[in-house]
Structure formats: structure tokens, C-alpha cells
Amino acid sequence: MELLKQRILQDGRCYPGGILKVDSFINHQMDPMLMYKIAEEFIRRFQDRKINKIVTIEASGIAPAIMVVYIMHLPVVFVKKKKPKTMENMLSTVVHSFTKDRDYTVCISNNFLTPEDHILFIDDFLAYGNAAMGMVELAEQSGAVIEGMGFIIEKAFQDGGNLLREKGIRVESLAIIDNLDDCKITVR
Ligand code: 5GP
């Protein structure tokens, strides 16, 4: 997605350890017009799939996901990173956070992720695929089918993309970063 690539090159910042900072337009301050275009592109790429629900993970996946469902008129549910005491029929799994370097338990209610669901999972970044594999596990527990996974940015030098594609999951990433060596952003 050309507009997104240009924005990453213009406003993205590189951090040691292979971290790309996009907090001026994606995951802290957000550009709603760019987010809307991102949603349209996700919809275009997955138009061949029968999807009845969007699932994302808090916090940074929520903005693109809500834009997608606003256009598609579908429900959206987000995986929570803290276990609420009041959640009914909780499904949970453990995910390792790349940016925070710690494990945490994520959860979703079986009331909102069911065997009837054919979902599109959306998130801001795909790095090692830990969050996405957590989603795979939750979908398996619930009986929901994953029709595809869409990421705003995939870092191809980390292994998540390979892992998911080898599992047969349809993965679409709107910008692919080939490397961040010497703190230079190389976009495919
Ligand atoms: P993964 O689970 O694929 O290893 O990492 C994906 C999650 O970690 C994303 O939800 C995102 O929040 C965070 N993340 C991974 N890499 C980056 C990065 O380079 N920059 C930012 N801002 N977040 C990242």
C-alpha cells in the first residue's frame, strides 16, 4: 500500500532491537484518514473470504479493526490482555510480548467467539507472530474458523509471517519491512 509505505518512510522511526516506532500516526497519535484507507485495503484484499466478524487484540489493533467493521457493518471483538473478573465463558492462552519482553495471559469470551464465526484477525504489527499464534489457539478453543489475518506492518526479518503462512493461514500485510539494519528503514 503505497500511501502507507510513504508515511512509514516519512514519519517512522527506528529503534535498536528491530523496533519500528510509528507512534505519530498508528499506535499513539493516530491518523484517522490513513486508518480509513488501511481498512479499505484490508477489505479489498479479503473480499474473496466469507467473514462474519473481525477480531483484534488490544490496544493498537482496535483502531484499524473498528474502521473495517464501520465499512463492512460487522461486529468486532478484541482479545483482552488482562483477565476481567466478570467475563463469562472465558477462553485464555499465554502470549509472549516482543516489545515488553514478558509473558501475559490474553482472553476472550466464548460468548463472542463461537463455532459459527469465520473471522478476520487484524493487528498493527506482525513480528514473531506470538500474538497471532495466541489468536490461533483461542480460535481452536472456541471452534471459530480463521479466514485470514491482516497486519498493517509486517517485519519480514522476524519470523511470524513464515510461521503463519506455513500453517496455511492467509496473511496480508499492507507494508512489509525487509530490515531495519543500521536504523535505516527498508520497505519492500
Ligand atoms: P508478535 O506477537 O508478532 O511478536 O508482535 C506483535 C505485537 O508486538 C504487535 O501487537 C505490536 O503491538 C508489537 N510489536 C511488534 N513489533 C513492533 C514494532 O516494531 N513496533 C511497535 N510499535 N510494536 C511492535
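K.L.:
Help me out: how do you make sense of the nonpolar core in this one?
P.N.:
Soluble, globular proteins show a tendency: their nonpolar side chains are buried together. Ranked by internal contacts, the top residues of the largest apolar core, which has 32 residues, are Leu4, Ile8, Leu20, Ile38 and Ile153. Of all elements in the fold, only α1 (2-11), α2 (32-45), α3 (62-72), β7 (118-126), β8 (145-155) and β9 (171-179) reach the threshold of two or more residues within this core. Among all residues touching leucine 4, those that are not within four sequence positions of it are Phe25, Ile26, Leu34, Ile38, Ile152, Leu174 and Ala175. Core analysis: the next-biggest nonpolar cluster, separate from the first, contains 24 residues, Ile57, Val79, Val95 and Leu164 among them.

K.L.:
What am I meant to see in the pattern of salt bridges here?
P.N.:
Think of it this way: side chains of opposite charge can pair up when their charged atoms draw near. Counted under the stated rule, the structure contains 14 salt bridges. Across the pair aspartate 31 and arginine 7 runs a salt bridge, and its minimum N-O distance is 2.7 Å. Of the two residues, aspartate 31 sits in the loop between β2 (19-21) and α2 while arginine 7 sits in helix α1, which places them 24 residues apart along the sequence. Notably, a salt bridge pairs glutamate 172 with arginine 45, separated by 3.1 Å at the nearest N-O pair.

K.L.:
Explain the pairing of strand β5 (residues 90-97) to me, please; I cannot follow it from the model alone.
P.N.:
Moving residue by residue along a regular strand, the side chains alternate between the two faces of the sheet. Of the two faces of β5, only one is covered, namely that formed by Leu91, Thr93, Val95 and Ser97; the face formed by Met90, Ser92, Val94 and His96 stays uncovered. Where β5 and strand β6 (residues 102-109) come together, 8 bridges link them in antiparallel fashion. Each residue of the ladder has a partner; that of serine 92, found in β6, is cysteine 107. In this structure, the hairpin formed by β5 and β6 is closed by a connection of 4 residues, where aspartate 101 is found at a positive phi of approximately 50°.

Rules used throughout
- Residues numbered from 1 in each chain as written.
- Predicted model: local features only at pLDDT ≥ 70, side-chain atom pairs only at ≥ 80, totals over all residues.
- Heavy atoms only, no water.
- Core = buried A, V, L, I, M, F, W, Y, C linked by side-chain atoms within 4.5 Å.
- Buried < 20%, exposed > 50% of the residue type's maximum accessible area, 1.4 Å probe, protein only.
- Helix = DSSP H or I, 4+ residues; strand = E, 2+ residues; numbered from the N terminus.
- Contact = heavy atoms within 4.5 Å.
- Salt bridge = Lys/Arg side-chain N within 4 Å of Asp/Glu carboxyl O.
- Pairing = 2+ DSSP bridges.

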